[in-house]
Amino acid sequence: LKPFWLKKWRSQSEGPLCQSPSCCLALMAVQSKAISKEDTEYHGKGQVAGAMSPACRQPTAERSVSCFTEAWTWVDRLCPAEWQRLRSFWRVLAPYWLNPSTRREAFLRALAIIGLTFGNTVAMLNGTMINGIFLKAVADKSRRGFYRALGLHLLNVAWSVPCLVFQQYFQAQLAVKWREWMTSKFFDRYFQSRKYYEIQAEGKLDNPDQRINDDIRSCTTQALATSQMVLGAALDFGIFSAILLKMYPPMFVALVAMATAGTRISLWLGRRLIALNCMQEQHEADFRFGLVRLRENAESIAFYKGEEGERDLLFRRLYAVMKNTEVSQVVSRNLGYFTHTYTHLVRFIPYWVAVPHHFRGGIDFAFVNQCAEVFNHITGDASLVISQLEGLANFYTTVERLDEFLDVLEAKPAAGGIRRSTAEAPTLLGVEGLSVKTPDKRTLFSGLDFKLRSGESLLVMGPSGCGKTSLMRVVAGLWSAGEGTVSCNLGAAGASHLFMPQRPYMVLGSLREQMLYPTWATGRSCPDRLPAPEEAQLVAALEAVRLAHLLRREGGLEAVADWAAVLSLGEQQRLAITRVLLARPVLALLDECTSALDADCEARIYSL
């Protein structure tokens, strides 16, 4: 520390420094980096140079910002695990409470919950006092005191029940609002820049659907439940501790000692729970995905007679779930053994402390019982970590998974070598010197050049695996790894051009919505969108692709079904063709979109 204080003294003598406590702490973190160097100079040369460091010559505001940044960095280096946990909680939970559009309503609901929690604490305090009156009346055989305590108890019930019910109601409402807002924000990032495609194509994250559905719901519910539990425990502990200190101080000392020792032991026994819970969530999601995959590909598996292989695959995933569950159960067993032992032993502590004084005649037994009741009430608050460690570990697991999800969603996409520009009319699509690489850096093709003008058609041919579909991905902007230039002169997506993959996407909705997708999809922003087609145009499009029978078979345009399962691949491809006929794009990019059709039907489609 000697070189640091010398440097601090010189800086104050030569120029002003930020005097706020936070900036001083940040400056200490920044200055500490120079300790080893200056220590060498101090001991090696017997003196310290008198010139100010460049950081000290910066303006105060700029120096403060850099100091804070350095301070966070050094805290991260000194305690990375603890700092990462705090950063995960802040990053996942704080935005809802800081957002200007939601924070007012959120804080009002939170204040209502806090007030009702305080009301519950007051009710429990009154119950303890009333119980003391009741026991004293029974010991004194006072009929009047007995009925007085009974009346007070009924009044306390009339006060406590509404507080508890409405506290749970407001807490559930806040959890729903929080989940809705958080899911919306995750959706914004998930669909932005086609992150959903990038995650799936590159395998950056496991089970994003589970994180959006299950983890967000669990996170909001557990966050409010944990906050309410901690708040209630803090209020109880503060109020009842003051009472216990006033009634019998030695009992409070014994309580603090037992709770401290028990918390440290339970944390040591349950230190592996967070990692095990993370693995359990992943294994459970993998097993569930295998079951969904079996359901969605049931026909193909049945054709291949692949039941044994699928059964073995599912059993391997189930085995991973069971293996991790067994390890978790061993940890929970050891933790439960200690927790139950602690719970049973701690009940006798107040009597062990106070009964000797009762035997000497210093206090009566009713007072001992009242002290024991207060002691046992505080024990639950002081031992919160001991009793709720598994729940807290599950809560942190969901926060950690959502924080990992945010890392992937906020990561900047890797810079690709393919350049994109605007083509000059009459060129609609142009490719110059194009070389395409797969995500694993394998070159598919190189040196491709072509121009497609209005009114022209272009057929791309080649053996399977040469990169025809990859060319479509590059034109669509899904891939950017490679070299060359792609120039387009197209309007807004969905109105001027359409991509038609080999297996078309069947949306969740009616037959009408299938045909209008994506040009007239609900909520889609498209400046030059055409007016929505009328029913007669939809029927004519179905007749043109020989799908008019769907109107009779499925029950009309408003019929809703699982179209990917109801329709054959050939019917799905023809239904997708109706989207092109209705939208009439300037450019249609077709990736073997008639591969499942017979030659006669295919010729009819291309003649439309």
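None of the values given here were measured: they were computed from a predicted structure.

(A) Local environment of the overall build of the protein chain. For the protein chain, the helix and strand inventory stands at 24 helices and 8 strands. When burial is assessed residue by residue, the protein chain has 39% of its 608 residues classed as buried.

(B) Seen up close, the pattern of salt bridges. Tallied over the full model, the rule gives 17 salt bridges. For Arg288, the salt bridge identified is with Asp214, shortest N-O distance 3.7 Å. You can see Arg288 sitting in helix H11 (residues 273-296) and its partner Asp214 sitting in helix H9 (residues 208-247), a full 74 residues away along the chain. Connected via shared salt-bridge partners are Arg91, Arg189, Asp403, Asp407 and Glu410.

(C) Fine view of the UniProt feature "transmembrane region" (unreviewed entry) in the protein chain. In this numbering, the UniProt entry assigns the feature "transmembrane region" (unreviewed entry) to residues 106-125. In this annotation, residues 106-125 is assigned 100% helix and 0% strand; the end-to-end C-alpha distance for the span is 29 Å.

(D) Spatial organisation of the sheet that holds strand E4 (residues 482-488). Read from one edge of the open sheet, 4 strands run E1-E4-E2-E3, paired in mixed fashion. Of all the strands in the sheet, the pair left with one neighbour each is strand E1 (419-422) and strand E3 (443-453). Along the sheet, successive strands turn relative to each other by an average axial angle of 10°, direction set aside. Sheet contacts for helix H18 (residues 468-476): E1, strand E2 (427-437), E3 and E4; angle to E2, the most-contacted strand, approximately 120°.

(E) Molecular detail of H11. The end-to-end C-alpha distance of H11 is 34 Å, a good match for the 34 Å that 24 residues give at a rise of 1.5 Å each. Listed in full, the buried residues belonging to H11 are Leu273, Leu276, Asn277, Cys278, Gln280, His283, Ala285, Phe287 and Gly290. On its buried face, H11 is in contact with H9, helix H13 (307-346) and helix H17 (389-410).

(F) The arrangement of the packing of aromatic side chains in detail. As enumerated under the stated definition, the model contains 18 aromatic pairs in all. On the numbers, 5.9 Å between centres and 75° between planes, the contact of Tyr190 with Phe405 is edge-to-face. Taken together, the residues Tyr190 in helix H7 (residues 143-191) and Phe405 in helix H17 connect sequence positions 215 residues apart. No difference in accessibility class separates Tyr190 from Phe405, as the two residues are buried. Each ring, one from Phe191 and one from Tyr196, has its centre 5.6 Å from the other, and the planes form 55°; the classification is tilted. Take Tyr196: its relative accessible area is 36%, and that puts it in the partly exposed class. Here the aromatic residues Phe186, Phe187, Tyr190, Phe191, Tyr196 and Phe405 are joined through ring pairs into a cluster of three or more.

About the cut-offs
Residues numbered from 1 in each chain as written. Predicted model: local features only at pLDDT ≥ 70, side-chain atom pairs only at ≥ 80, totals over all residues. Heavy atoms only, no water. Helix = DSSP H or I, 4+ residues; strand = E, 2+ residues; numbered from the N terminus. Buried < 20%, exposed > 50% of the residue type's maximum accessible area, 1.4 Å probe, protein only. Salt bridge = Lys/Arg side-chain N within 4 Å of Asp/Glu carboxyl O. UniProt positions renumbered as here; feature names shortened; annotations may be inferred. Pairing = 2+ DSSP bridges. Axes fitted to C-alpha atoms, helices over the stretch in contact; angles between N-to-C directions. Contact = heavy atoms within 4.5 Å. Expected span 1.5 Å × (residues − 1). Phe/Tyr/Trp six-rings, centres within 6.5 Å; stacked < 30°, edge-to-face > 60°.

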